[in-house]
Amino acid sequence: VQLQASGGGLVQAGGSLRLSCAASGRTFSSYYMSWFRQAPGKEREFVAAISGGGTIYYTEAVKGRFTISRDNAKNTVYLQMNSLKPEDTAVYYCAAVGGRIRYAAQSYDYWGQGTQVTVSS
């Protein structure tokens, strides 16, 4: 599986961005698709995940503000980010893993290249 993330940018606090991650391969729907982020000097952290059937998981810090979704027909996963805060500033990565939900970055098999999200105060 090859992943291509896009949609990052610079936005003011309170604004919104939508990230997309396009995947190659015919077995997209069988993977858990996730978003991680990594801020400067910090470890890569789990943000959200969605199963092939649509079960969703969020880290507490983004609940109520971010929405993950997927379109299996288009092999694409999205992350709608609303009410953005300066602490959301990071490089955002999409990732794919088979089997079951994983929260640790080292458990993921496939990664996109990352897209920068910068939220100004």
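In short, a report on the structure.

Analysis parameters
Residues numbered from 1 in each chain as written. Predicted model: local features only at pLDDT ≥ 70, side-chain atom pairs only at ≥ 80, totals over all residues. Heavy atoms only, no water. Buried < 20%, exposed > 50% of the residue type's maximum accessible area, 1.4 Å probe, protein only. Helix = DSSP H or I, 4+ residues; strand = E, 2+ residues; numbered from the N terminus. Pairing = 2+ DSSP bridges. Phe/Tyr/Trp six-rings, centres within 6.5 Å; stacked < 30°, edge-to-face > 60°. Polar contact = N/O pair within 3.5 Å; in protein donor to acceptor, adjacent residues only side chain to side chain. Axes fitted to C-alpha atoms, helices over the stretch in contact; angles between N-to-C directions. Core = buried A, V, L, I, M, F, W, Y, C linked by side-chain atoms within 4.5 Å. Contact = heavy atoms within 4.5 Å.

### Some details on the pairing of strand β9 (residues 90-98)
- Most of β9 sits out of view: seven of its nine residues are buried.
- Relative to strand β11 (residues 115-120), β9 is paired through three bridges, and the arrangement is antiparallel. Residue pairing across strands places Tyr92 opposite Thr115, the latter belonging to β11.

### Things to note about the pairing of β11
- The alternating pattern of β11 places Thr115, Val117 and Val119 on a buried face, while none of Gln116, Thr118 and Ser120, on the opposite face, is buried.
- Strand direction decides the pairing type here: strand β2 (residues 9-12) and β11, joined by four bridges, are parallel. If you follow Leu10 over to β11, its bridge partner there is Thr118.

### Digging into the packing of aromatic side chains
- Per the stated rule, a full pass over the model turns up eight aromatic pairs.
- Between the aromatic rings of Phe36 and Phe46, the centroid separation amounts to 5.7 Å while the plane-to-plane angle is 85°, which identifies the pairing as edge-to-face. In this pair, Phe36 is assigned in strand β4 (residues 31-38) and Phe46 in strand β5 (residues 45-50), connecting sequence segments 10 residues apart. A single burial state applies to Phe36 and to Phe46, both of which are buried.

### Quick word on the side chain of Thr115
- On the secondary structure map, Thr115 appears in strand β11.
- The class for Thr115 is buried, based on a relative accessible area of 10%.
- A polar contact of 3.1 Å, which involves the side chain of Thr115, links it to the backbone nitrogen of Gly8.

### Focus: the sheet that holds strand β3 (residues 17-23)
- A sheet is described by the order of its strands in space; here four strands give the open sequence β1-β3-β8-β7, paired in antiparallel fashion. A strand with exactly one partner marks an edge of an open sheet, and here the two such strands are β1 (3-6) and β7 (66-71). Neighbour to neighbour, the strand axes of the sheet diverge by 15° on average, direction disregarded.

### A look at the nonpolar core
- In this structure, Met33, Trp35, Val47, Phe66, Leu79, Met81 and Tyr92 are the most contacted members of the largest nonpolar core, which totals 28 residues.
- Counting residues per element, the ones that place at least two in this core are β1, β3, β4, β5, β7, β8 (76-81), β9 and β11.
- When neighbours within four sequence positions are excluded, Tyr92 is seen to be in contact with Leu19, Trp35, Phe36, Arg37, Val47, Phe66, Leu79, Met81, Gly114, Thr115 and Val117.
- Membership of the second largest hydrophobic core comes to nine residues, among which are Phe46, Ala95, Val97 and Ile101.

The analysis is restricted to geometry; functional conclusions fall outside its scope.
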